[in-house]
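Descriptive structure summary
Take a look at the letters that make up each chain.
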Amino acid sequence: MSNLLSRFNWVIALLLGGIATLGFAPYSFWPAPVLSLAALLLLCQQQQSWKRAALLGWLFGFAHFATGVYWVVISTHVYGGAPLWLGLLLAAALFAYMAIYPALVCALAVRYQVLQSRSDWLLMPALWLLAELLRGWVFTGFPWLSLGYIAIDTPAQSLIPVLGVHGLSALYVISALAVFKVLRGTANKARLLALSAAALLPLIGMLLPAASSWTAETGKALDVAIIQGNVPQDQKWDPSQAQNILSRYRAMTFSADDADLIVWPEVVPNAPLSQMGWYLDPIHEYLKFRQSTLLAGVLIRGEDNSIFNSMIALGEHSGRYDKRHLVPFGEYFPIPDWLRPIMDVLGTPYSDFSSGQQSSELIRVDDLPLGISICFEDVFGAELAGASRGASVLVNATNDAWFAGSSAPMQHLTISRARALENGRWMIRAANTGVSALIDADGRVTAKAEWQNTEVLRGTISGRGGLTPYARWRDAPLWILSIGTVCLGLYRRRKFVR
């Protein structure tokens, strides 16, 4: 039987990668990735060659990311204009690249016989943590589906303000390792120890205080209105739809003129700010008279013809935020000039946005500083915590219509909830087609505009002061611990492995 299973290890690895995706939104069955990872460790332990273990880890990762991030095909092919074959090819290349990181973990675990050593409790979570941190940094990073996100709506989420999402990832690897030891172990004492370790994570989570206990309310409460205009992506840039879209947003904005803060999603007008004075100036004057402030998603053309994806404040308060962390192959193409004519021939539209500069001045509404991020930027927890260090409220403006009908909007909502937990702040999430939401400092969704609803979402939030441990230190301790543990642990294992 074992020989039969070994012949199909690659199939099992693929299945385990797909099952692991069930731990993430919209399914949110958190035991799935823990059990899948434990089974992957069992497969790796049976391998004599680190190369075979690397292949199993790569197959696991490829299936996991293909089933969890499949929606990139929708954005590149359906709305991006790329031919289907090119959309599939680009997606496969992304999955293949992201799968390298679990492959490295499995390869090193087998090469240095980590799973047969007493140091596995430290080395395995450190290897996974370092791989995940690298995935969120190399080539500007793509930390989507980080393991720690499965903690949302479980007792373990109380650890997110302390360790951040990546820190939770390491703890879930310990849980997976505990399950692995229960399945592998023969001695009752070893099984009991492993079961205790598996139960430790939720127990610690239940004993820790809520995220909001790390911060405190400051300043006045804000009455907030989120404008979810619900514009399909195939209409957003259609000139024949421009007037209807602008009229819709103006009418919905004026209907919420009693709110302290009104928030639009990412890039509402389909022309640069310099061409939209006829539309935005009357809105600015009206809201200023009503003592209300609008955060509007716009395009801004610079003097050197650069284009910025921005949020500007109109009405009672003013200010500007330019998106800094751009999406590769979405907002800019990291390719040489000689390749661009080829992209034209393939029918793939591209445009290069410019990255905004870090500014010490945050937009303020009623003396509450706002920590603003646009779309993809809230995926980077450490960056957002650093840029929003002086903020009392977090704001994310996005357009998930690029991924219509997929799991991406719910996954993105989970990410926003994690950012609220990491910082102990309210998060205002404005999405073009949904899911818009008001998220409190404990990561709870207090109000929500569902997917593809046209809605003015109302609610009251409060500013908060103080720093959670994660907001104070961000990922620096995780980098130090993971690099130090991996280097020291593998060096010591090298003495026993020849």
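The sections below set out a description of the structure shown in this document. Here the structure is a predicted model, which is why all the values come from computation and not from measurement.

Definitions and cut-offs
- Residues numbered from 1 in each chain as written.
- Predicted model: local features only at pLDDT ≥ 70, side-chain atom pairs only at ≥ 80, totals over all residues.
- Heavy atoms only, no water.
- Helix = DSSP H or I, 4+ residues; strand = E, 2+ residues; numbered from the N terminus.
- Contact = heavy atoms within 4.5 Å.
- Expected span 1.5 Å × (residues − 1).
- Buried < 20%, exposed > 50% of the residue type's maximum accessible area, 1.4 Å probe, protein only.
- Polar contact = N/O pair within 3.5 Å; in protein donor to acceptor, adjacent residues only side chain to side chain.
- Core = buried A, V, L, I, M, F, W, Y, C linked by side-chain atoms within 4.5 Å.
- Pairing = 2+ DSSP bridges.
- Axes fitted to C-alpha atoms, helices over the stretch in contact; angles between N-to-C directions.
- Salt bridge = Lys/Arg side-chain N within 4 Å of Asp/Glu carboxyl O.

**Considerations on the environment of Gln358**
- One can find Gln358 in the loop between α14 (340–345) and β6 (364–365).
- Gln358 sits 37 residues away from Tyr321 along the chain, and the two C-alpha atoms are 9.1 Å apart.
- The residues contacting Gln358, other than those within four sequence positions of it, are Arg324 and Ala387.

**Digging into helix α4 (residues 50–68)**
- The end-to-end C-alpha distance of α4, which contains 19 residues, comes to 26 Å, matching closely the 27 Å that a straight helix rising 1.5 Å per residue would cover.
- Turning to α4, its buried residues are Ala53, Ala54, Leu56, Gly57, Leu59, Phe60, Gly61, Ala63, His64, Phe65 and Gly68.
- Its buried side turned inward, α4 meets α2 (9–20), α3 (31–45), α6 (84–98), α7 (100–111), α8 (120–135) and α16 (408–423).
- One side-chain oxygen of the residue at the start of α4 lies 3.1 Å from the amide nitrogen of Lys51, identifying that residue as Ser49.

**Digging into the nonpolar core**
- Membership of the largest hydrophobic core comes to 96 residues, with the highest contact counts inside it found for Val69, Trp71, Met124, Tyr172, Leu295, Leu370 and Ile428.
- Looking at which element gives the most residues to this core, the answer is helix α9 (residues 160–184), with eight residues.
- Discounting chain neighbours no more than four positions away, the residues touching Val69 are Phe95, Phe142, Trp144 and Leu145.
- Counting residues in each nonpolar core, the second largest holds 25 residues, with Ile227, Ala259, Leu287 and Ile312 among its members.

**Let's talk about the sheet that holds strand β4 (residues 307–315)**
- A sheet is described by the order of its strands in space; here six strands give the open sequence β5-β4-β3-β2-β1-β12, paired in mixed fashion. Either end of the sheet is taken by a strand with one partner, and the two such strands are β5 (319–322) and β12 (455–465). Neighbour-to-neighbour, the strand axes of this sheet turn through a mean angle of 30°, independent of strand direction.
- Inspection of the sheet shows strand β1 (residues 216–228) paired to strand β2 (residues 261–263) by three bridges, in the parallel sense. Counted as the bridge partner of Val224 is Leu261 from β2.
- Against the sheet, helix α12 (residues 242–254) contacts β1, β2 and β12, and its axis sits at roughly 140° relative to β1.
- Across the sheet, helix α13 (residues 277–289) lies against β2, β3 (293–301) and β4, angled at about 35° from β4, the strand it touches most.

**Side note on the environment of Glu132**
- Note that Glu132 resides in helix α8.
- Expressed as a C-alpha distance, the spacing of Glu132 and Met98, which sit 34 residues apart in the sequence, is 9.8 Å.
- Beyond its immediate sequence surroundings of up to four residues, Glu132 is in contact with Ser146, Leu147, His166 and Ser169.

**Things to note about the sheet that holds β6**
- Taken together, the six strands give an open sheet; going across it, the order is β6-β7-β8-β9-β10-β11, and neighbouring strands pair in mixed fashion. Strand pairing shows two members of the sheet lacking a second neighbour, β6 and β11 (445–449), which therefore form its edges.
- Bridge analysis of strand β10 (residues 436–439) against β11 gives four bridges, and the strand direction is antiparallel. When the bridges of β11 are listed, Ser436 appears paired with Ala449.
- Running at roughly 155° to strand β9 (residues 426–431), α16 makes contact with β8 (393–398), β9, β10 and β11 of the sheet.

**Concerning the pattern of salt bridges**
- Inspection of the entire model under this criterion finds 13 salt bridges.
- Residue Asp440 is joined to Arg444 by a salt bridge in which the shortest nitrogen-to-oxygen separation is 2.8 Å.
- The residue Lys448 makes a salt bridge to Glu450 at a minimum N-O spacing of 3.6 Å.
- With a relative accessible area of 34%, Lys448 lands in the partly exposed category.
- Judged by relative accessible area, which is 39%, Glu450 ranks as partly exposed.
- Several salt bridges converge on common partners, so that one network encompasses Asp223, Asp258 and Arg458.

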